Amino acid sequence: MLAMQYRFVLPADYDMAIIRQRIRERGHLLDGFPQLEWKAYLWSEHDVRQPGSVNAYAPFYLWRDNEGINRFLSSPGFKALCADFGRPHVDIWPVWDSIGSHVMPTASVCLCQTQAILPGQSLDALRQQEQEQAARLQQQGAVSVLTAYDPRQWQLLRVSAWRGEQDFRQQEMDGTCYRIGYVASGA
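What comes next is a walk through the structure. (Residues numbered from 1 in each chain as written. Predicted model: local features only at pLDDT ≥ 70, side-chain atom pairs only at ≥ 80, totals over all residues. Heavy atoms only, no water.)

A few words on the side chain of Lys39. With respect to the secondary-structure elements, Lys39 resides in strand S3 (residues 36-44). The side chain of Lys39 sits in the buried core without any salt bridge; Asp31 is the nearest counter-charge, 10 Å away. Within the structure, the side chain of Lys39 is placed 3.0 Å from the side chain of Tyr61, a separation counted as a polar contact. (Helix = DSSP H or I, 4+ residues; strand = E, 2+ residues; numbered from the N terminus. Buried < 20%, exposed > 50% of the residue type's maximum accessible area, 1.4 Å probe, protein only. Lys, Arg positive; Asp, Glu negative; His and termini not counted. Salt bridge = Lys/Arg side-chain N within 4 Å of Asp/Glu carboxyl O. Polar contact = N/O pair within 3.5 Å; in protein donor to acceptor, adjacent residues only side chain to side chain.)

Now for the packing of aromatic side chains. This model, assessed by the stated rule, comprises 15 aromatic pairs. Centroid distance Tyr6 to Phe8: 5.8 Å. Interplanar angle 65 degrees. Geometry classified as edge-to-face. There is no split in this pair, since Tyr6 and Phe8 are both buried. Ring geometry for Phe33 and Trp63: centres 5.8 Å apart, planes at 75 degrees, overall edge-to-face. Of this pair, Phe33 sits in the loop between helix H1 (17-26) and S3 while Trp63 sits in strand S5 (residues 60-63); the two residues are 30 residues apart in sequence, bridging distant segments of the chain. According to the relative accessible area criterion, Phe33 is buried, its value standing at 14%. The buried category is assigned to Trp63, whose relative accessible area is 0%. A network of ring pairs unites the aromatic residues Tyr6, Phe8, Phe33, Tyr57, Tyr61, Trp63, Phe72, Phe78 and Phe85 as a single cluster. (Phe/Tyr/Trp six-rings, centres within 6.5 Å; stacked < 30°, edge-to-face > 60°.)

Written out as structure tokens, the structure reads:
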């Protein structure tokens, strides 16, 4: 499996109702897409009370294989996205584990966390630690947890999805928080 994400950071005064409307109108179009496990339509909103918060549209995908990615990136839908926002940098990670995919549609918020994989650090040991962390997060209320890594930049990626923002805020975890506008399920 492969995880994929691109992110558009929008001006602080951008009307995020436009993004929410886009998700409502177009989110379902990826339901049934070949080789797609799920796509979470992620977005965040600038809040002057939260330092570092930004307006962003940052869809996150879980693909069964690279053929789905190839098909999507050459699709009319992605072409339209590029026409509206510009062609994004697309991050792709090999997935170690993904638990709770079948309940992703019940989530309303998502926390994306990255950390450096240190030189000499055992990938097997790190993967085992992440499996244990995923189990802890589920016990704390996460409905889905995905772990992946980027061997180009040597980074770990952990994405946890939660039913409500208060659920993960109680855990005091660092990362980028997104709201989930819709979760499309593939074929």
